[in-house]
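# Structural description and commentary
Each chain, written out:
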Amino acid sequence: MLASRYASVATGLLLAANAWAQDVSSLVVPAEDEPPPKLIVEQPLPGPLANGVAYIPYRVENLRILPIGGPSSREVSPRVGHLHITVDDLPWQWADYGQSNTIILINLPKGEHKVLIQAVDTEGGVLTSQTVTFKSPGKSTRL
């Protein structure tokens, strides 16, 4: 009777391990077969914006934001990349590797502003982008 129970437990563990191994391998998809990345950007949160601070929430789908670069990293699956952010068409931008899901801009001058957020591959090639425009009341003396 005891041997029968051990055999049943061993069989159950073997089947569970086999099922788990199949699930893990099914998560890896060739990079070229992955769905395209999506970038969803929301308007700045109104509360902080009233004080001159723009909190811009965003999320990405089908793209992991990681500090990885180089030509061979384009083959990593699931796909990896980072963000490029440009404010008011200035000639410079910055890269975000942080996965914070929020872009925060402080001390914006009064007026309308445009923020371009680009999801890029590991070598800076644009995958998708969104632009958000908003009006700022100007710099706040308190944060």
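Computed from a predicted structure; not experimentally measured. (Residues numbered from 1 in each chain as written. Predicted model: local features only at pLDDT ≥ 70, side-chain atom pairs only at ≥ 80, totals over all residues. Heavy atoms only, no water.)

## Points about the sheet that holds strand S2 (residues 54-61)
Hydrogen bonds between backbone atoms are what pair the strands of a sheet, whose relative direction is either parallel or antiparallel. Ordered in space as S1-S2-S6, the three strands form an open sheet in which the pairing is antiparallel. If you trace the sheet from one side to the other, it starts and ends with strand S1 (38-41) and strand S6 (102-105), each paired once. Strand-to-strand twist across the sheet, computed as the mean angle between neighbouring axes with direction ignored, equals 25°. Bridging between S1 and S2 involves four bridges; their strand directions are antiparallel. By the bridge assignment, Val41 is partnered in S2 with Tyr58. (Pairing = 2+ DSSP bridges. Helix = DSSP H or I, 4+ residues; strand = E, 2+ residues; numbered from the N terminus. Axes fitted to C-alpha atoms, helices over the stretch in contact; angles between N-to-C directions.)

## Topic: the side chain of His84
Among the secondary structure elements, His84 is positioned in strand S4 (residues 80-87). Among the polar contacts made by the side chain of His84, one reaches the side chain of Gln93 at a distance of 3.2 Å. Apart from residues no more than four positions distant in its own chain, His84 is found in contact with Gln93, Trp94, Ala95, Leu116, Ile117, Gln118, Val120 and Gly124. (Polar contact = N/O pair within 3.5 Å; in protein donor to acceptor, adjacent residues only side chain to side chain. Contact = heavy atoms within 4.5 Å.)

## Comments concerning the pattern of salt bridges
Throughout the structure, instances matching the rule amount to three salt bridges. One salt bridge in this structure joins Glu61 and Arg59, with 3.3 Å as the shortest N-O distance. Its relative accessible area of 40% is what places Arg59 among the partly exposed residues. Residues Asp89 and Lys114 are paired through a salt bridge, measuring 2.9 Å at the closest nitrogen-oxygen approach. Highlighted residues: Asp89 in the loop between S4 and strand S5 (94-96) and Lys114 in strand S7 (residues 111-120), separated in sequence by 25 residues. For Lys114, a relative accessible area of 30% puts it in the partly exposed group. (Salt bridge = Lys/Arg side-chain N within 4 Å of Asp/Glu carboxyl O. Buried < 20%, exposed > 50% of the residue type's maximum accessible area, 1.4 Å probe, protein only.)

## Structural notes on the side chain of Thr122
As for its position among the elements, Thr122 is in the loop between S7 and strand S8 (126-136). On the accessibility criterion, Thr122 (8% relative accessible area) is buried. In terms of polar contacts, Thr122 uses its side chain to reach the backbone carbonyl oxygen of Gly70, at 3.5 Å. There is a polar contact of 2.6 Å between the side chain of Thr122 and the side chain of Ser73. Ignoring any residue separated from it by four or fewer positions in sequence, one finds Thr122 in contact with Ile68, Gly69, Gly70, Ser73, Arg74, Val80, Gly81 and His82.

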